[in-house]
Amino acid sequence: MADLGRIDGRTKLIGLLATPIGHSLSPAMQNMSLRERGLNYAYMAFEVGNQQLADVVTGMRALGVRGFNVSMPNKTKILPLLDELSPAAQFTGAVNTVVNENGKLVGHITDGTGYMRALKEAGVDVVGKKMTLMGAGGAATAIAIQAALDGVAEISIFNREDDFYHRALKNAQIINEEIEGINCKATVYNLDDADRLREEIATSDILTNATGVGMKPLEGESVVPDASWLRPELIVSDVVYIPRKTRLLELAEEAGCAKVINGLGMMLWQGAAAFKLWTGGDMPVEYVKEQMF
Ligand code: NAD
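Report on the accompanying structure. Predicted model only: the values in this text are computed from it and were never measured.

**Some remarks on the nonpolar core**
Ranked by size, the top nonpolar core spans 33 residues in total, and within it Tyr115, Met131, Ile143, Ile155, Ile175 and Ile206 carry the most contacts. Contributions of two or more residues to this core are made by helix H4 (111-121), strand E7 (130-134), helix H5 (138-149), strand E8 (154-159), helix H6 (165-178) and strand E9 (185-190). In terms of residue count, the dominant contributor to this core is H5 (six residues). Not counting residues up to four positions away in its chain, the partners in contact with Ile155 are Met131, Leu133, Ala144, Ala147, Ala148, Ile175, Cys184, Lys185, Ala186 and Thr187. With 22 residues, the next largest nonpolar core counts Ile14, Tyr41, Ala274 and Val285 among its residues.

This is how it looks when you write it as structure tokens:
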């Protein structure tokens with residue numbers, strides 16, 4: 001029997017361009033999936049920052065790689081280096097997956113679809129629902145745009161008045177004015193307005209933390225101060241997956257919330273969507289979960 005893990009003369013390359021990169025789960029997740037499916041690709045991580053990005057993309061084109069993932073700090077800087085963008089990548093202004101379509105580099109963003117798929121897997125139907133979304137960075141932007149595209153009716157976006165606040169305003173403007181054919185209203189609030197945050201959570205179906213609060217160096221912290229802000233019917237989710245259970249998710253359990261969702265599903269399904277774009281096949285997600293989670 002052929003050794004499916006072997007690299008030979010026909011192996012197609014998929015890369016990951018980011019820095020720092022050593023902690024990434026993507027190489028292990030993608031390579032175990034490719035091996036399990038018997039596909040002759042190899043996924044390699046390359047330590048690449050903004051400085052090297054243009055040269056690396058030129059090299060990737062010359063090598064004829066099948067594609068690559070892009071992570072921080074390259075998710076926005078990659079845009080002008082590509083030939084085409086998916087609609088979600090255009091609206092989000094970021095790319096995490098590039099596919100080489102016969103020499104044409106096409107950028108996609110799978111973070112938003114990954115998050116929405118994780119909700120679906122948890123039995124959540126988002127259509128017509130109201131979401132309170134905390135954050136306006138890379139993860140939050142992808143989620144806001146995809147939530148609107150997928151039929152969420154109302155999104156209350158909260159961000160503190162830091163460098164990301166203008167992006168919160170932009171996300172709302174894109175949702176309210178630029179995406180055609182959707183029925184979603186987005187409103188932006190200052191995250192420091194605790195009374196407003198509590199009110200919006202009280203009238204929401206879904207609460208999503210897409211800030212870095214809950215993860216190092218903010219581990220053990222939560223934007224929501226205590227469990228009395230939550231209620232059992234509220235779906236509470238966090239994009240953070242290290243730790244698996246953030247302070248927010250602990251509070252959700254304390255409040256008896258029936259659906260409490262951490263960031264692992266988003267990570268898994270964004271990878272599965274990229275796997276599909278490169279190979280045309282489905283990632284063996286159950287196998288990945290068994291091996292990695
Ligand atoms: P980013 O730097 O683009 O955005 C950071 C966001 O957090 C901004 O909205 C910022 O205003 C907010 N923020 C930072 N410190 C804060 C504080 N002290 N109080 C309130 N808000 C604060 O980062 P990102 O790439 O969007 O990542 C955000 C989180 O999402 C990280 O923890 C990251 O690990 C996680 N993430 C998870 C996945 C996944 O697949 N599960 C994917 C991408 C990112």
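**Describing the packing of helix H1 (residues 26-36) against helix H10 (residues 285-292)**
H10 packs onto H1 with a crossing angle of 130° between their chain directions and a minimal axis gap of 10 Å. Comparing their axes, H10 and H1 come out oblique. Between H1 and H10 lies a crossing whose hand is right-handed. Judged by residue contacts, Ala28, Met29, Met32, Ser33 and Glu36 of H1 engage Tyr287, Val288, Gln291 and Met292 from H10. Of the residues contributing to the contact of H1 with H10, the split by class is six nonpolar, two polar and one charged.

**Things to note about the environment of Thr76**
With respect to the element layout, Thr76 can be found in the loop between strand E3 (67-70) and strand E4 (84-85). Considered as a pair, Thr76 and Ile155 are 79 residues apart in the sequence and their alpha carbons are 23 Å apart. Ignoring sequence-local partners within four residues, the contact set of Thr76 consists of Gly93 and Ala94.

**Here's the deal with the sheet that holds E4**
Taken in spatial order, the six strands make up an open sheet running E2-E1-E3-E5-E6-E4, and their pairing is mixed. Edge strands, defined here as strands with exactly one partner in the open sheet, are strand E2 (41-47) and E4. Of the strand pairs in this sheet, strand E1 (residues 12-18) and E3 are connected by four bridges, and their pairing is parallel. Looking across to E3, one finds that Leu16 is bridged to Asn69. Its contacts with the sheet put helix H2 (residues 50-63) on E1, E2, E3 and strand E6 (104-108), and the angle it makes with E1 is roughly 175°. Packed on one face of the sheet, helix H9 (residues 264-279) meets E1, E2, E3, strand E5 (97-101) and E6 and runs near 5° to E5.

Basis of the calculations
Residues numbered from 1 in each chain as written. Predicted model: local features only at pLDDT ≥ 70, side-chain atom pairs only at ≥ 80, totals over all residues. Heavy atoms only, no water. Core = buried A, V, L, I, M, F, W, Y, C linked by side-chain atoms within 4.5 Å. Buried < 20%, exposed > 50% of the residue type's maximum accessible area, 1.4 Å probe, protein only. Helix = DSSP H or I, 4+ residues; strand = E, 2+ residues; numbered from the N terminus. Contact = heavy atoms within 4.5 Å. Axes fitted to C-alpha atoms, helices over the stretch in contact; angles between N-to-C directions. Parallel < 35°, antiparallel > 145°, perpendicular 65-115°, else oblique. Left-handed = near helix turned anticlockwise from the far one by under 90°. Nonpolar A, V, L, I, M, F, W, Y, C, P; charged D, E, K, R; others polar. Pairing = 2+ DSSP bridges.

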